[in-house]
Amino acid sequence: MEGGSSHNFVPPSAGIDKSRVLDVRPLRSLMPVFPATSQAPSFPGMPPFGHTPNGFPPFYPFNVPLSQASPDLNSEMRTPSGSMPAPIRSYRAPAPSGSDDFPEDSNGEGFFDPHVGSSASRKKTSKASSSRKKTKKNGDGGSVTNNGSGVTFVPVMSSFQIEDGNRELVNYVLMNFDALRRRICQIEENKETKTGLIKRADLKAGNILMSKKVRTNMRRRIGVVPGVEIGDIFFFRMEMCAVGLHAPSMAGIDYMTGKGDGEKDPVALSIVSSGGYDDEAEDSDVLIYSGQGGNSNNKDKDREVADQKLERGNLALQRNLHHGNEVRVIRGMKEDVNAITKIYVYDGLYKVHESWTERGKAGCNIFKYKLLRVPGQPPAFAVWQTLRKWKDGFSSRAGLVLQDLTSGTEPVPVSLVNEVDNEKGLASFTYFPTLKYTKSFSLMPPSFGCNCRSACQPGDTNCSCIQKNGGDFPYTSNGILVSRKQLLHECSPTCPCTPNCKNRVSQTGVKLRLEVFKTKDRGWGLRSWDSIRAGAFICEYAGEVIDEAKLKQKEDGGENDEYIFDTGRDYESFKWSYEPGLLEESPHDVNEDYNIPYRLIISAKNVGNVGRFINHSCSPNVFWQPVVYEHNNQSFVHIAFYAIRHIAPMTELTYDYGTSSNEAGSNSGPNRKNKCLCGSSKCRGYFG
């Protein structure tokens, strides 16, 4: 249930004395300016600040003895609905201390200022600018600069786009970030075999994009961030920095300070709750958030445990309670597939409802803030909680028709769900996990495999399979595709390398917890219970390989085969791989135009896998990639699906079906088009 009604109230743990107040002394420069008691405003239904001195609830007293204060910390929300939020123009971003790329504040919490790059980055950019000689446009709105010694990418995003974004810009920035991060991972993993060390590719990618102004929403703001939607997921804190959702690369509270009468009045913009402190974060509408500082989690044994201070982010959250400003909440959770990986989900806007102090597990006094989710927002964290119950077997899936429609063919069961109507089954077809050939195809000569005796290793120049991919291992160590390829070569069953070789990603079957579900207006669709990161393999398009004569026979005979995949169709071009100029690489290093040796036509009407249920969209979140490997002593092309961007759980998976080369837009004849119902802002109205 959305909102923060009184029945969602979660009291603190028993035994906490909320009347106990720390004798805290805010920094003079951060001390708020309070109105005089006689000038304190009064609001309907609320006494003029009651017993709280100078009208500042409830972290009190700053200069009043405890014996003189008689607060009611269990009262309802103290900020009236009619109070005006602090004006955004009165705030500015706090400047980070130090000169490192990711400076630390006085409590050792990292803070990356999204408005300025590191000093090293600024020098590098300046040097590239001064040696600029020749510039040409590329196909994606950026420019490539040849400075004689390499290639430098110079974006052409306008100052307005950098300050204020939209959905398209946010997706553009995130796609560039992860593409660059994957490429850096690929480079570092090539070195890892020699040095044994691997660097943080996410930090390096973030620093490059920040310095090159490939970012958006730089203008700091309270509330909604343009282009960022509730439920969006992030695998790296730097992604949130790049799109303006949360500025600090490490600290949990993002805030700004205002100027007035020489004093600073901070306001909190966003918080990240990811388990680093003693938060209570199991309720989907209520969050009990712990303040920052004081080493309250006691993970750093070398730092002395100390009480938290009412300053910086802590003071900003307290001021949000006073002003009634909304704060963005990002919840961090461990990934099911990889327990050491954290996923961050944007859970929408909350308001600080109450605050108090209590003794933490490490023995220090910490601040606690109770935040309530603003009603009427779409669910985000609540979806994750529901999925967790399904996975753990604590709750049954509503509308479940079949537990596993693959009958054990795939490594992970694929459920069939219908919450729309009473249809209880699918049209009859035989589940088959890969391609099935109805006749002998001898269109490619056999490909000689590698000679690796263990798993193929990045950077191994003697691996013939790596050489076929241009000398780079096509996947990162966790099986993420680095770049689109003209033709991706994987190790085949004839290669002597081990079955767990990372260069067999598309051959190992479905690894995600998928479900086939009934849509409202487009038949059956496919989605995942798991989060999917950009570049992750989803499934193959399985079915019967047919020739052009068989396809024409189907069309001329009026057979309605909605499950045709045809590489001969026209597909919208798009750029997914990294910008070589960002790493001063040649622009010819990455070519995304497919080079398929023959036209591949697959019919999944009678034989197929889960790929047959992926619907069309003119703005898809999945792309297809031709993959070749050898079986039955011949090399064959397969069609594998990968995620274009991070995909949140329970989001429908879609790819672009393309259009027939002839009679584009025609609604009659053998090449008639299907009406598109994708609902995208870029919908072209038809497909097929």
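Structure's up top.
Cut-offs used in this document
- Residues numbered from 1 in each chain as written.
- Predicted model: local features only at pLDDT ≥ 70, side-chain atom pairs only at ≥ 80, totals over all residues.
- Heavy atoms only, no water.
- Helix = DSSP H or I, 4+ residues; strand = E, 2+ residues; numbered from the N terminus.
- Buried < 20%, exposed > 50% of the residue type's maximum accessible area, 1.4 Å probe, protein only.
- Contact = heavy atoms within 4.5 Å.
- Areas by Shrake-Rupley, 256 points an atom, 1.4 Å probe, with all protein chains shown as cover.
- Pairing = 2+ DSSP bridges.
- Axes fitted to C-alpha atoms, helices over the stretch in contact; angles between N-to-C directions.
- Salt bridge = Lys/Arg side-chain N within 4 Å of Asp/Glu carboxyl O.

(A) Expanded view of the overall build of the protein. Broken down by element type, the protein carries nine helices and 30 strands. Per-residue burial over the protein gives 53% buried out of 688 residues. Relative to all contacts within the protein whose residues are 6 or more apart in sequence, the contacts with residues 24 or more apart total 69%. Accessible surface, the protein: about 31,300 Å² in total, of which carbon and sulfur atoms supply 50%.

(B) Quick look at the sheet that holds strand S22 (residues 564-566). Strand order in the open sheet formed by four strands is S16-S21-S23-S22, and the pairing between neighbours is mixed. With partners counted over all chains shown, the strands left at the sheet margins are strand S16 (435-437) and S22, one partner each. The sheet shows a mean angle of 30 degrees between the axes of neighbouring strands, direction not considered. Pairing between strand S21 (residues 543-546) and strand S23 (residues 601-603): three bridges, direction antiparallel. Considered in S23, the bridge of Val545 is made with Ile602. In this fold helix H9 (residues 548-556) packs onto S21, S22 and S23, with an angle of close to 105 degrees to the strand it touches most, S21.

(C) Main features of the pattern of salt bridges. Per the counting criterion, the structure on display carries 36 salt bridges. The salt bridge involving Glu652 is made with Arg522; its shortest N-O contact spans 2.7 Å. Note that Glu652 is positioned in the loop between strand S27 (634-643) and strand S28 (654-655) and Arg522 in the loop between strand S18 (514-518) and strand S19 (524-528), a separation of 130 residues in sequence. Overall, the relative accessible area of 16% leaves Glu652 in the buried class. Notably, a salt bridge pairs Lys575 with Glu592, separated by 3.4 Å at the nearest N-O pair. Taken together, the residues span a long stretch of sequence, with Lys575 in the loop between S22 and S23 and Glu592 in the loop between S22 and S23 at a distance of 17 residues. With relative accessibility at 11%, the residue Glu592 sits in the buried group.

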